[in-house]
Amino acid sequence: QVQLVESGGGLVQAGGSLRLSCAASGSTFGTGTMGWYRQVPGKQRELVADINNVGGTYYNYSVKGRFTVSRDNGKNNVYLQMNSLKPEDTAVYHCHAVKYGIDYWGQGTQVTVSS
């Protein structure tokens, strides 16, 4: 089992920045891709960005050039640096990890961007 705990959400004005952190604990050996999804009430959860264990990244087109995903394999942490935030980035952001084909999720952290 892998436990994921997010931190770093909050309220920020449009154009501002936030950095989300996710700490993984438990049986983390063998964890593969880690990343971030977000969800708005009434909509499907969408992939924001992820990073595999050799540093390969993927970004949703809506955040490319503004968000940066990174990872510390030694600490089993994953981060999301969010710059130039827009009101449409408002959502609950969930940390995600895959280990041996099993998905693990954090509880989520709220990000609210005011206009």
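One can find the structure itself at the top, above this paragraph.
In this text, all values refer to a predicted model and were calculated from it rather than measured experimentally.

(A) Main features of the overall build of the chain. Helix and strand content of the chain: 0 helices and 11 strands. The C-alpha radius of gyration computed for the chain amounts to 13 Å, which stays within 12% of the reference 13 Å derived for 115 residues, consistent with globular compactness. Viewed in the frame of its principal axes, the chain has a C-alpha envelope of about 40 × 25 × 20 Å. Here the chain holds 115 residues, and the buried ones make up 41% of them. Within the structure as shown, the chain displays about 6,100 Å² of accessible surface, and the carbon and sulfur contribution to it stands at 49%. Once the 10 positive and 7 negative side-chain charges of the chain are each reduced to a mean point, those two points are 2 Å apart.

(B) Fine view of the nonpolar core. Counting residues in each nonpolar core, the largest one holds 27 residues, and the members touching the most others are Leu4, Trp36, Leu80, Met82 and Tyr93. Beyond its immediate chain neighbours, meaning those up to four positions away, leucine 4 contacts Cys22, Ala23, Ala24, Met34, Cys95, His96, Ala97, Tyr104, Trp105, Gly106 and Gln107.

(C) Quick look at the state of the cysteines. Summed over the entire model, instances satisfying the criterion amount to 1 disulfide. Residue pairing for cysteine 22: its cysteine sulfur links by disulfide to cysteine 95, the two sulfurs lying 2.0 Å apart. The chirality of the disulfide connecting cysteine 22 with cysteine 95 is left-handed, given an S-S dihedral of about -85°. Here the residue cysteine 22 occupies a position in strand β3 (residues 18-26), and cysteine 95 occupies one in strand β9 (residues 91-99), the gap between them amounting to 73 residues. Taken individually, cysteine 22 and cysteine 95 each receive the classification buried, so the pair is uniform in this respect.

(D) Region of interest: the sheet that holds strand β1 (residues 2-7). In space, the 4 strands of this open sheet follow the order β1-β3-β8-β7, with antiparallel pairing throughout. Of all strands in the sheet, those bounded by a partner on one side alone are β1 and β7 (67-72). Mean inter-strand twist for the sheet, computed between neighbouring axes without regard to direction, equals 15°. Where β3 meets strand β8 (residues 77-82), 6 bridges bridge the pair, whose relative direction is antiparallel. From the neighbouring strand, serine 21 faces β8, where its bridge partner is tyrosine 79.

Cut-offs applied
Residues numbered from 1 in each chain as written. Predicted model: local features only at pLDDT ≥ 70, side-chain atom pairs only at ≥ 80, totals over all residues. Heavy atoms only, no water. Helix = DSSP H or I, 4+ residues; strand = E, 2+ residues; numbered from the N terminus. Rg over C-alpha atoms; globule rule 2.2 N^0.38 Å. Buried < 20%, exposed > 50% of the residue type's maximum accessible area, 1.4 Å probe, protein only. Areas by Shrake-Rupley, 256 points an atom, 1.4 Å probe, with all protein chains shown as cover. Lys, Arg positive; Asp, Glu negative; His and termini not counted. Charge placed at Lys NZ, Arg CZ, Asp CG, Glu CD. Core = buried A, V, L, I, M, F, W, Y, C linked by side-chain atoms within 4.5 Å. Contact = heavy atoms within 4.5 Å. Disulfide = S-S within 2.5 Å. Pairing = 2+ DSSP bridges. Axes fitted to C-alpha atoms, helices over the stretch in contact; angles between N-to-C directions.

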